[in-house]
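Now for the letters of each chain:
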Amino acid sequence: MSGHLDGNSLAGPLSGTFRFDPTVAVGLCDTCGDARPLAASPVYGSAMGQIVRCARCDSVLLTHVQTPAGTYLSTQGLTWLRFASEADPRVTS
Amino acid sequence: MARGTVRPLVVENTAAIRGDTVARPVATWLPATITAAVPLTERSRSLRLVVPGWRGNVPGQHVDIRLTAPDGYQAVRSYSLATSGPGEHIELAIDRLPDGEVSPYLVDVAEVGDKVEVRGPLGGWFVWRPGDPRPVQMIAGGSGVVPFVAMIRAREAAPAGNPFRLLYSVRSPAAAMYRDYLEHSPVGTTVNWIYTRNPPPGSSRPAGRLTSIDLDSHVIPVEQDPLTFVCGSTGFAERVSQMLIERGHPASMIRIERYGDSR
Ligand SMILES: Cc1cc2nc3c(=O)[nH]c(=O)nc-3n(C[C@H](O)[C@H](O)[C@H](O)COP(=O)(O)OP(=O)(O)OC[C@H]3O[C@@H](n4cnc5c(N)ncnc54)[C@H](O)[C@@H]3O)c2cc1C
Ligand SMILES: [Zn+2]
């Protein structure tokens, strides 16, 4: 397992859970008030899923765990997550 | 694929794939076939794949690659796209980590005709959109150059445009991925090289890690409002982005992609 990555690496793993592109979604840290795209937040992976931390204060923002019983998404450390409203988040060329 | 101790990063799960695949095609695993494999350096090569159903991508995006062993064991890794635009053909470039699980397979074992699965295109943040008027500075460490090759190729295809600069840090000339392409001055892009171990004979800069002096000499200055992309191992990306911030580059104008690190 590699050391920490960033939110760019969430694009694939969260593509089945989110209907938007997680890399450009902006999260507001409930602990310190920092707001930035998930792409710019540190991400720690494990065999089960991903933990996104605040780049400024290191609080856990979001936990995404996939199990045979289903997908668990905890947004415990986020005041909000802002993402594009259109249903189709695809980046087109 | 050798069965390693590393578990797959993604555990496939019915909830994740039950979604509307028309609205969420990006979550779908597409079967792909390797059509070409070209050595780039002694430890890396490019792979071309045909992916039926691929809908094109913008420069800077990546894919997830899933390998399945005969016993059903699966491993997933992310790889940047070296190409962009429409069509069903894509190019990746993989650097072998000696103790890695997936990269040695992709560099040494996989053959033309072999099948893998591809999920993508992924990520809309670490991208360059043709037509963006800002000057672009790219800073790469090792295999972090791959998404920049897609951007430079797209910049070449654009009729006119903003200046591109690439600062590429590698151990030695022989370790540089896409060296032939980058040394032949792609239209619109200036390339500067940093050699960390073995510089070519006659170079004035001693071997060593990229420093703030290198940034001052080669990076588009802050006054020109560049969009600065940094890509490479996590340690490289952190160090370089820290130096950029210290030199006054606003964080909002720096895009970073971290590939991982040994710990
Ligand atoms: C968004 C994204 C895009 C990527 N694009 C590319 C690309 O275009 N080309 C490419 O070659 N790789 C790329 N990578 C890295 C790639 O996903 C794999 O991490 C890499 O190939 C190693 O996988 P492995 O299975 O061989 O090694 P693993 O078995 O996962 O790890 C083996 C050992 O190497 C360490 N390690 C893992 N990754 C790195 C790293 N990047 N640098 C140094 N040590 C590491 C681990 O900690 C471990 O000790 C990208 C990663 C991300 C997140
Ligand atoms: Zn915080």
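Notes on the structure in this doc start here. (Residues numbered from 1 in each chain as written. Chains lettered and ligands numbered in written order. Predicted model: local features only at pLDDT ≥ 70, side-chain atom pairs only at ≥ 80, totals over all residues. Heavy atoms only, no water.)

1. Considering the overall build of chain B
Stated formally: In this description a helix means any DSSP run of H or I spanning at least four residues, a strand means any run of E spanning at least two, and both kinds are numbered starting from the N terminus. Burial classes: relative accessible area under 20% of the type maximum marks a residue as buried, over 50% as exposed, and values in between as partly exposed (1.4 Å probe, protein chains only). Any two residues whose heavy atoms approach within 4.5 Å are treated as being in contact.
Along chain B, the regular secondary structure elements total six helices and 11 strands. Burial statistics for chain B: of 263 residues in total, 53% are counted as buried. Summarising the internal contacts of chain B: among those between residues at least 6 apart in sequence, 73% fall at separations of at least 24.

2. Points about the coordination of the zinc ion (ligand 2)
Residue and element names in this part refer to chain A. Rules: For Na, K and Ca the donor cutoff is 3.2 Å, while for all other metals N, O and S atoms count as donors only within 2.8 Å; water does not appear among the atoms, so some sites may look incomplete. Note on geometry labels: four donors, all angles 85 to 135 degrees, give tetrahedral; four donors become square planar and six octahedral when opposite donors are over 155 degrees apart and every other angle is between 65 and 115; remaining cases are irregular.
Coordination of the zinc ion (ligand 2) by the protein involves Cys29 (SG), Cys32 (SG), Cys54 (SG) and Cys57 (SG), with metal-donor separations of 2.3 to 2.4 Å. Considering all four donor atoms around the zinc ion (ligand 2), the spread of angles at the metal, 105 to 112°, places the coordination shape in the tetrahedral class. All donors of the zinc ion (ligand 2) come from a single chain, and their spacing in sequence reads C-x2-C-x21-C-x2-C.

3. Structural notes on the pairing of strand 8 (residues 164–170) of chain B
Residue and element names in this part refer to chain B. Spelled out, the test is: Strands qualify as paired when DSSP identifies two bridges or more between them. Here a crossover is taken to be right-handed if, once the strands point away from the viewer, the path from the first strand over the helix to the second is traced clockwise.
In terms of residue burial, strand 8 counts as a mostly covered element, since six of its seven residues are buried. Relative to strand 8, strand 7 (residues 136–141) runs parallel, the two sharing six bridges. Counted as the bridge partner of Val136 is Phe164 from strand 8. Taking the sense of rotation as the criterion, the β-α-β connection linking strand 7, helix 3 (residues 146–157) and strand 8 turns out right-handed.

4. Here's the deal with the sheet that holds strand 9 (residues 189–195) of chain B
Residues and elements named next belong to chain B. Condition: Between N-to-C directions, angles span 0 to 180 degrees; the directions come from axes that are lines fitted to C-alpha atoms, helices contributing only their stretch in contact.
What the five strands build is an open sheet, ordered 9-8-7-10-11; its pairing is parallel. Lying at the two open borders of the sheet, with one neighbouring strand each, are strand 9 and strand 11 (254–258). With direction set aside, neighbouring strand axes in the sheet form an average angle of 15°.

5. What about the site of ligand 1?
For clarity, the cut-off: Any residue with a heavy atom positioned within 4 Å of a molecule or strand is treated as near that molecule or strand. In protein, a polar contact requires one atom able to donate a hydrogen and another able to accept it; more generally it is a pair of N or O atoms within 3.5 Å, and residues adjacent in sequence count only if both atoms are side-chain atoms. Only the protein chains shown count as cover for residues, and the accessible areas themselves come from Shrake-Rupley with a 1.4 Å probe. Here the nonpolar group is Ala, Val, Leu, Ile, Met, Phe, Trp, Tyr, Cys and Pro; Asp, Glu, Lys and Arg are the charged ones; every other residue, Gly included, is treated as polar. Segmentation into domains, and thus their bounds, comes from an automatic or database assignment.
Around ligand 1, the structure places 28 residues, and the nearest of them are B:Ser78, B:Tyr79, B:Asp95, B:Val102 and B:Ser103. Mapping the residues near ligand 1 onto chains gives chains A and B. The separation between an oxygen atom of ligand 1 and a polar main-chain atom of B:Val102 is 2.8 Å. Contact distances for ligand 1 include 3.2 Å between a nitrogen atom and a backbone N or O atom of B:Tyr259. When ligand 1 sits alone it has 920 Å² of accessible area, and the protein chains cover 89% of it. Put simply, the parts of the chain that give the shell around ligand 1 at least two residues each are strand 4 (74–80), strand 5 (89–95), helix 2 (103–109) and strand 11 of chain B. When residues of the shell around ligand 1 are assigned to their parent elements, the largest contribution, four residues, is made by strand 4 of chain B. Taken together, the residues of the shell around ligand 1 break down into 11 nonpolar, 10 polar and seven charged. Both domains that furnish three or more residues to the shell around ligand 1 are identified here as domain 1 (17–122) and domain 2 (136–259) of chain B.

6. A closer look at the sheet that holds strand 1 (residues 5–6) of chain A
Residue and element names in this part refer to chain A. Spatial ordering of the open sheet is given by 1-4-5-6-7, a layout of five strands whose pairing is antiparallel. Of all the strands in the sheet, the pair left with one neighbour each is strand 1 and strand 7 (70–74). With three bridges joining them, strand 4 (residues 42–45) and strand 5 (residues 49–53) adopt antiparallel strand pairing. Its bridge partner being in strand 5, Val43 is matched across the sheet by Val52.

7. Observations regarding helix 3 of chain B
Residues and elements named next belong to chain B. The test is simple: To estimate the expected span of a helix, count its residues, drop one, and scale the result by 1.5 Å.
Between its first and last C-alpha, helix 3 extends 17 Å over 12 residues, near the 16 Å set by a 1.5 Å rise per residue. For helix 3, the buried fraction is high: nine of the 12 residues fall into the buried class. By the burial criterion, the buried members of helix 3 are Val146, Pro147, Phe148, Val149, Ala150, Met151, Ile152, Ala154 and Arg155.

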